[in-house]
Amino acid sequence: AAFAHVGLDRWTGTVSVMNRIPASAIETSPRLAGLDRRLTRWMAGHGVVLLRVSIGVVFLWFGVLKFVPGLSPADRIALDTTAILTGGLITGDLARLMLAVLETIIGVGMISGKSMRLVLLLLFGQMAGTITPLVLFPELTWKTPPLVPTLEGQYILKNLVLVAAGIVIGATVRGGRLESEPEAV
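So, here is what we can say about the structure in this document. (Residues numbered from 1 in each chain as written. Predicted model: local features only at pLDDT ≥ 70, side-chain atom pairs only at ≥ 80, totals over all residues. Heavy atoms only, no water.)

1. Points about the overall build of the chain
Along the backbone of the chain there are eight helices and five strands. For the chain, the sequential pattern of α-helices and β-strands runs β-β-α-α-α-α-α-α-β-β-α-α-β. Per-residue burial for the chain yields a buried fraction of 32% across its 185 residues. Taking all contacts inside the chain whose residues are at least 6 apart in sequence as the whole, residues at least 24 apart take part in 60%. In the form shown here, the chain has an accessible surface area of approximately 11,300 Å², with 69% of it arising from carbon and sulfur atoms. (Helix = DSSP H or I, 4+ residues; strand = E, 2+ residues; numbered from the N terminus. Buried < 20%, exposed > 50% of the residue type's maximum accessible area, 1.4 Å probe, protein only. Contact = heavy atoms within 4.5 Å. Areas by Shrake-Rupley, 256 points an atom, 1.4 Å probe, with all protein chains shown as cover.)

Shown next as structure tokens:
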């Protein structure tokens, strides 16, 4: 069976993707092997930037929506969560504005690639707050805890992908990169 293995070299900071495809499928055909190498190199060379920019677009989009009361589908649960997490100090329009600014900063930072350590810190902090409704509001986020989420719960659970993407992007802030042919390194 074909599979991929992702590894991080702790000494060099290089993230590598090792493809395990049966020799009979790709390696026996020079045309397919050449195409596979070119595609893998392109993905290794562009994948992290595309991941970073796409996450930035999502954060920017969702952040801008929060500037307008009621426009974000997550408006109510976001405001209620913020009120509980801040002990009622930050509520309503102030909470919405702060979330809008935070998500917009994360989005712009991801798109620009500037100050990535700070942007990732903000992202991980925002994600920690985003996941808390699963515990704070189980009646809104679960049909059958913890196996069957509601639509709101699914909306929150998809953030695990954003956290994982943030970790991959974070692996590159010191010069790490994806390597298409780790055996050659």
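2. Some words on the pattern of salt bridges
According to the stated counting rule, one finds six salt bridges in the structure shown. One salt bridge connects arginine 76 with aspartate 80, and the closest N-O pair in it is separated by 3.0 Å. One end of the pair, arginine 76, and the other, aspartate 80, are both in helix α2 (residues 75-85), four residues apart, so they sit about a helical turn from each other. Looking at aspartate 80, the relative accessible area reads 27%, which means it is partly exposed. The salt bridge involving arginine 96 is made with aspartate 93; its shortest N-O contact spans 2.5 Å. Of this pair, arginine 96 and aspartate 93 are both found in helix α3 (residues 92-112), three residues apart, which corresponds to roughly one turn of the helix. Overall, the relative accessible area of 9% leaves arginine 96 in the buried class. With relative accessibility at 56%, the residue aspartate 93 sits in the exposed group. A network of salt bridges, in which partner residues are shared, links Asp75, Asp93 and Arg96. (Salt bridge = Lys/Arg side-chain N within 4 Å of Asp/Glu carboxyl O.)

3. Some points on the side chain of threonine 104
Relative to the helices and strands, threonine 104 resides in helix α3. A distance of 2.7 Å separates a polar side-chain atom of threonine 104 from the backbone oxygen of alanine 100. Setting aside residues no more than four positions away along its own chain, threonine 104 makes contact with Phe59, Leu60, Gly63, Val64 and Phe67. (Polar contact = N/O pair within 3.5 Å; in protein donor to acceptor, adjacent residues only side chain to side chain.)

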